[in-house]
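In case you want the letters, here they are:
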Amino acid sequence: MDKYDVIVIGAGHAGIEASLACARLGCKALMVTFRREAIGLMSCNPAIGGVGKAQLVREIDALGGEMAKAADSCGIQFRILNASKGPAVQSLRAQVDKYKYLAYMRRVLRGQKDLTVKEAEVTGLIVKDGTAGGVVLNSKEEAYSSCVVIAAGTFLDGLVHIGLDHHSAGRIDEPASIKLTENLKGLGFDLLRFKTGTCARLDKNSIDFSRLIVQKGDDIPQAFSFSTKRLIYRQVPCYITYTNEKTHRIILDNLGRSPLYSGIIRSTGVRYCPSVEDKIVKFRDKARHQVFLEPEGLKTDEIYPNGLSTSLPADVQLKIIHSIEGLEKARVIRYGYGIEHAVIEPRQLYPTLEAKLVKNLYLAGQINGTTGYEEAAALGLIAGVNAALRIKKKEPFILDRASSYIGVLIDDLTTKGTPEPYRMFTSRVEYRLILRQDNADLRLRDLGCNLGLVGKKDHFKTEKKRSEIQKGTDFLKGQYIKPCVKVNQKLRQLGTSAIKNRVSLEEMLKRPQISLKSLLKLSGCSVKFSECALQQLEIEVKYSGFIQRQSKEVERFKNLERVRIPQHLDYAVVPGLSCEIREKLDSLKPLNLGQASRISGITPAAISILMVYLRRMDGQGKLLPGA
């Protein structure tokens, strides 16, 4: 078989971004998947984005990834979540036509130069002298490469559960990857077992929507990609209903038939997206739980009842569904199921997503302990980029916590690990006022351009936006409003106090009651900037005090990140460190003091000791004479 630069195992959201990144950076890439038809399959709910996740999608786009463009092309409803709250937590969510999404991703991969897609099962890795050099296929063929990316999703030793019955599978009706799992164990990787699941699919023609709460998309929908000019599909509504006392009684009466509560499933489940039986047991004080009905596409009758994820038997699932208002006569197209699968303990990875045990082997997606399309795609992009940079003998690409949600995601996984399926939230991000979904292009487009994944046209668009923001800032600082009866009357109508002296437009805009549009109207001024630039301008001015404070915190953070730790440092010779701290540092091999400080159990005193010791070392990691 031909030799490739990079082989990517898996064609889910992580595998797609990894493969495209490698090929777009000029590497000859091979994607290996069980079925071409399942490339980009949305195994769970038909949606992209959400709180914390939208930021990841925007960052993927800013760096040159594909998910945002696919969501825009295939979206059928767009809605900003937390719209009434501050910009730090506002997040876009799109309902997506899952069948169009599949077709879109297949089309993009098919048209990508230097990328080959092959249907096969990878049964093992070719590893020589601790370095990955290819894969072994179920046909006994060997495919050779300089780097390998594993993006296996839920397929590693996957086990599907429906009631007390279970069978080996990576997804319903698709085989699990058993031999690759054993191969990874043989290479010395520590494996964990996590659990996730999905809901039944319902026939929309059997649902009484007249009794449900309608949830429509935004009147003026926003796109995910900074490159999208306009959204082309009509928006369709979602619907809301709730579980009730009867639903809860059915579940509690059948817990003995639940693999989760009968002891069959012992893996750790998703805390923030639990099964319906988990919710009823753990939150017995709640009279009801929301069920969010999501259309799976424009040309399908399938409805996804988000909130009813379960591994209970089919007959119990049907009773649960029929107990809910509007679903009394609902027909089930496919029942829900739970799935257990193996993941790598993610602290066995560097922040580049390269494995510490095997050089040139990168891991991305759910194999790293995450859950969610967006987390997988983000990891896939970074793994693919770093594999390509290794081929090109260039410096690795690492995002830190102060630059991006992706940086937080990877740092959390590789530094802290995760005892349960990891899901991104805005609450995980210390600098979320700076790392907003709306400014991802301003933060990361330059990096995407430098990598070679962002074209000149898109980069120019970002630079134009940056220029407009600066011009707008200068304009607001240089224009003033003078006190008069008309102005003060209008200010009182807006709910803010009158002025006695002239005030700059910048100072006026800091008032929470005044929007940029109302301010321009009040002052009689006009500006000809893009809507996105005006949005940025308003946020930067209104939150300037908070942003400046957070920027100072970022600078302190970066001071620790700048102190590099030699990877060959012998912690045993560093005086003053306890045996426990030495063992942790030697095992996890942090790249810098910042990363070391976030390892559980590493004390501030230990960081101070390390800092003093590192200052006494030369550039080659050796102690200076007399130190």
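The coordinates are above.
The sections below set out a description of the structure shown in this document. As the structure is a prediction and not an experimental result, all values here were calculated from the model.

What to know about the packing of aromatic side chains
Here is step 1 of the chain: Throughout the structure, instances matching the rule amount to three aromatic pairs.
Here is step 2 of the chain: Ring centres 4.5 Å apart and planes at 45° place the aromatic pair Phe 209 and Tyr 239 in the tilted group. Here Phe 209, found in the loop between β13 (201-203) and β14 (213-215), pairs with Tyr 239, found in strand β15 (residues 238-242); they are 30 residues apart in sequence, far enough to count as distant.
Here is step 3 of the chain: Accessibility expressed as a relative area gives 23% for Phe 209, which makes it partly exposed.
Here is step 4 of the chain: A cation over an aromatic ring shows up here: Lys 356 above the ring of Tyr 350, its NZ or CZ 5.7 Å from the ring centre.

Quick notes on the sheet that holds β13
Here is step 1 of the chain: One open sheet holds the six strands; their spatial order is β14-β15-β16-β17-β13-β18, and the pairing between them is antiparallel. The strands lining the two open edges of the sheet, one partner per strand, are β14 and β18 (332-334). For this sheet, the mean angle separating the axes of adjacent strands, direction not counted, is 35°.
Here is step 2 of the chain: Inspection of the sheet shows strand β16 (residues 290-295) paired to strand β17 (residues 302-306) by four bridges, in the antiparallel sense. Pairing of Glu 294 across the sheet is with Tyr 304, part of β17.

Focus: helix α11 (residues 440-451)
At 3.6 residues per turn, the α-helix brings residues three or four places apart onto the same side.
Here is step 1 of the chain: In a regular helix each residue adds 1.5 Å, so 12 residues correspond to 16 Å; α11 covers 16 Å between its end C-alpha atoms and thus fits that length.
Here is step 2 of the chain: Burial in α11 covers these residues: Ala 440, Asp 441, Leu 442, Arg 443, Leu 444, Arg 445, Gly 448 and Leu 451.
Here is step 3 of the chain: For α11, the secondary structure elements touched by its buried residues are α2 (53-62), α9 (373-391), α12 (456-478) and α16 (531-542).
Here is step 4 of the chain: Just downstream of α11 lies Gly 452, where phi reads positive at about 105°.

Structural notes on the packing of helix α6 (residues 245-253) against helix α8 (residues 314-322)
Here is step 1 of the chain: Where α6 contacts α8, the two axes come as close as 8 Å, and the packing angle between them is 165°. Classified by the angle between their axes, α6 and α8 sit roughly antiparallel to one another. When the axes of α6 and α8 are compared, the crossing they make is right-handed. For the pair α6 and α8, the contacting residues are Thr 247, Ile 250 and Ile 251 in the first and Val 316, Lys 319 and Ile 320 in the second.
Here is step 2 of the chain: Grouping the amino acids of the contact of α6 with α8 by side-chain chemistry returns four nonpolar, one polar and one charged.

Here's the deal with empty space enclosed by the protein
Here is step 1 of the chain: Overall, the coordinates contain one cavity of 30 Å³ or more when judged by the stated rule.
Here is step 2 of the chain: Of the volumes computed, that of the largest cavity is approximately 50 Å³.
Here is step 3 of the chain: A total of three residues in the lining of the largest cavity trace back to one element, the largest contributor, which is α8.
Here is step 4 of the chain: In terms of residue class, the lining of the largest cavity is built from six nonpolar, two polar and no charged.

Observations concerning the side chain of Gln 348
Here is step 1 of the chain: Checked against the element boundaries, Gln 348 lands in the loop between β19 (337-344) and β20 (361-363).
Here is step 2 of the chain: Of note is the side chain of Gln 348, whose polar atom sits 2.8 Å from the backbone nitrogen of Asp 190.
Here is step 3 of the chain: The contacts of Gln 348, once residues within four sequence positions are left out, are Gly 188, Phe 189, Asp 190, Glu 354, Ala 355, Lys 356 and Leu 357.

Re the layout of surface pockets
Here is step 1 of the chain: What the second largest pocket holds in volume is close to 1,300 Å³.
Here is step 2 of the chain: Around the second largest pocket, the lining comprises 39 residues; the ones closest to its centre are Gln 222, Asp 438, Glu 531, Cys 532 and Gln 535.
Here is step 3 of the chain: For the lining of the second largest pocket, the secondary-structure elements that each account for two or more residues are α11, α12, α15 (516-523) and α16.
Here is step 4 of the chain: If one sorts the elements of the lining of the second largest pocket by residue count, α16 sits on top with seven residues.

Digging into the environment of Gln 479
Here is step 1 of the chain: Looking at where Gln 479 falls in the secondary structure, it is placed in the loop between α12 and β21 (480-481).
Here is step 2 of the chain: Remark: the alpha-carbon pair of Gln 479 and Arg 257, spanning 222 residues in sequence, is separated by 70 Å.
Here is step 3 of the chain: If sequence neighbours within four positions are ignored, Gln 479 has contacts with Val 503, Ser 504, Leu 505 and Cys 525.

Considering the environment of Lys 359
Here is step 1 of the chain: Relative to the helices and strands, Lys 359 resides in the loop between β19 and β20.
Here is step 2 of the chain: Residues Lys 359 and Ser 526 lie 167 residues apart in sequence; the distance between their C-alpha atoms is 58 Å.
Here is step 3 of the chain: Other than its neighbours up to four places away in sequence, Lys 359 contacts Gly 130, Thr 131, Ala 132, Glu 354 and Arg 390.

Considering the pairing of strand β1 (residues 3-9)
Here is step 1 of the chain: Burial within β1 is extensive, with five of its seven residues counted as buried.
Here is step 2 of the chain: Note: β1 against strand β2 (residues 29-33), four bridges, orientation parallel. Directly across from Val 8, in β2, lies its bridge partner Met 31.
Here is step 3 of the chain: The β-α-β motif built from β1, the intervening helix α1 (residues 13-24) and the parallel element β2 has right-handed crossover chirality.

Here's the deal with the packing of α2 against α9
Between two packed helices, what matters for the description is the angle formed by their axes and the separation of those axes.
Here is step 1 of the chain: Following both chains from N to C, one finds α2 and α9 inclined at 30°, their axes separated by 9 Å at the closest point. Accordingly, the angle class assigned to the pair α2 and α9 is roughly parallel. Regarding α2 and α9, the two cross each other, and that crossing is left-handed. Here Lys 53, Leu 56, Val 57 and Ile 60 of α2 lie close against α9, whose contacting residues are Glu 374, Glu 375, Ala 377, Ala 378 and Leu 381.
Here is step 2 of the chain: A per-class count over the contact of α2 with α9 returns six nonpolar, no polar and three charged.

About the cut-offs
- Per chain, residues are indexed from 1 in the order of the written sequence.
- Predicted model: local features are reported for residues with pLDDT of at least 70 only, side-chain atom pairs are reported and counted for 80 or more only, and whole-chain, interface and lining totals are derived from all residues.
- Side-chain measures were taken over the full set of non-hydrogen atoms in the model, leaving aside hydrogen atoms and water.
- Stacked, edge-to-face and tilted labels apply to pairs of Phe, Tyr and Trp rings (six-membered ring for Trp) whose centres lie within 6.5 Å, assigned for plane angles under 30 degrees, over 60, and everything in between, in that order.
- Runs of E in the DSSP output that reach at least two residues are strands. Runs of H or I that reach at least four are helices, and both are numbered from the N terminus.
- For every residue, the accessible area (1.4 Å probe, protein chains only) is compared with the maximum for its type, and the residue is labelled buried under 20%, exposed over 50%, or partly exposed between those bounds.
- Look at NZ for Lys and CZ for Arg. If either is within 6 Å of the ring centre and within 35 degrees of the ring normal, a charge sits over the ring.
- Only strands that DSSP links by at least two bridges are regarded as paired with each other.
- A fitted line through C-alpha atoms serves as each axis, taken over the contacting stretch for helices, and the angle formed by two N-to-C directions is quoted from 0 to 180°.
- Here a helix's expected span is defined as the number of its residues, less one, multiplied by 1.5 Å.
- Throughout, a contact is declared for two residues whenever any of their heavy atoms are within 4.5 Å.
- Should an angle lie under 35 degrees it is considered roughly parallel, over 145 roughly antiparallel, and from 65 to 115 roughly perpendicular; all remaining angles are considered oblique.
- Less than a right angle of anticlockwise turn of the near helix away from the far helix marks a crossing as left-handed, whereas a clockwise turn marks it as right-handed.
- The classification used treats Ala, Val, Leu, Ile, Met, Phe, Trp, Tyr, Cys and Pro as nonpolar, Asp, Glu, Lys and Arg as charged, and all other residues, Gly among them, as polar.
- Residues are said to line a cavity or pocket when one of their atoms sits within 4 Å of a point; the points come from a 1 Å grid over protein atoms alone, cavities being sets where a 1.4 Å probe fits but cannot get out and pockets being open sets with protein on both sides within 12 Å along at least five of seven lines.
- Grid points are joined across faces, edges and corners, and a volume is the space filled by probe spheres set on the points.
- Pairs of N or O atoms are called polar contacts if they sit within 3.5 Å, as long as, within protein, a hydrogen donor faces a hydrogen acceptor (for residues adjacent in sequence, only side-chain-to-side-chain pairs).
- Whether a crossover is right-handed comes down to one check: with the strands pointing away from the viewer, does the path from the first strand over the helix to the second run clockwise; if it does, it is right-handed.

Honestly, it's all geometry; don't read function into it.
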